[in-house]
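# Architecture and fold: a report
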Amino acid sequence: MFGDMMGMMGKLKETQKKVEETKKRLDTVLIDESSTDNLLKVTISANKKLKNITIADDLLNDKEQLEDYLVLTINKAIAKASQVQETELAAVAKDGMPDIPGLDLFK
């Protein structure tokens, strides 16, 4: 019994390390999102850090439109980044979880 617990603890520590490594790697995974007319483009990491914004000159003349474009496009990029991050971290966590009878976290 004690050996099983030590094995599970070791596996949990290994999984925690893999989760941290995955989080670091997600800083390098970039998601590009554009407005529907491509006048605004944003790049965000899978850890939801804004990396780049490109704005067409046409948008610079209309502050309200630019603000709307920024909100919509950045929110779409954040949603995609969240999905990538969630998928990647869930895969690492599921792979590294010890087999505990009766505990089906990922079904």
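Above this note sits the structure.
The sections below set out a description of the structure shown in this document. Keep in mind that what you see is a predicted model, and the values were worked out from it rather than measured.

### So, the pattern of salt bridges
One pass over the full model with this rule turns up 6 salt bridges. Here Glu20 ties to Lys23 by a salt bridge, and the two come within 3.8 Å at their closest N and O atoms. Of this pair, Glu20 and Lys23 both sit in helix 1 (residues 2–26), 3 residues apart, roughly one helical turn. On the accessibility criterion, Lys23 (35% relative accessible area) is partly exposed. Between Glu88 and Arg25 there is a salt bridge whose closest N-O contact spans 2.5 Å. One end of the pair, Glu88, is in helix 2 (residues 63–96); the other, Arg25, is in helix 1, and 63 residues separate them in sequence. Taken together, the shared-partner salt bridges connect Glu33, Lys76 and Lys80 into one network.

### Some remarks on the sheet that holds strand 1 (residues 30–34)
The sheet built from 3 strands is open, its strands ordered 1-2-3 with antiparallel pairing. Because the sheet does not close on itself, it has two edges, and the strands there are strand 1 and strand 3 (50–55). Here the strands of the sheet are splayed against their neighbours by 15 degrees on average, with no regard to which way each runs. Pairing of strand 2 (residues 40–45) with strand 3 involves 5 bridges; the strand directions are antiparallel. What sits directly across from Leu40, in strand 3, is Ile55.

### Details of the environment of Lys48
For Lys48, the position within the fold is in the loop between strand 2 and strand 3. Residue Lys48 is classed as partly exposed on the basis of its relative accessible area, which comes to 37%. Along the chain, Lys48 and Ala81 lie 33 residues apart, while their C-alpha atoms are 6.0 Å from each other. Filtering out sequence-adjacent residues up to four positions away, Lys48 remains in contact with Ile78, Ala81, Ser82 and Gln85.

Analysis parameters
- Residues numbered from 1 in each chain as written.
- Predicted model: local features only at pLDDT ≥ 70, side-chain atom pairs only at ≥ 80, totals over all residues.
- Heavy atoms only, no water.
- Salt bridge = Lys/Arg side-chain N within 4 Å of Asp/Glu carboxyl O.
- Helix = DSSP H or I, 4+ residues; strand = E, 2+ residues; numbered from the N terminus.
- Buried < 20%, exposed > 50% of the residue type's maximum accessible area, 1.4 Å probe, protein only.
- Pairing = 2+ DSSP bridges.
- Axes fitted to C-alpha atoms, helices over the stretch in contact; angles between N-to-C directions.
- Contact = heavy atoms within 4.5 Å.

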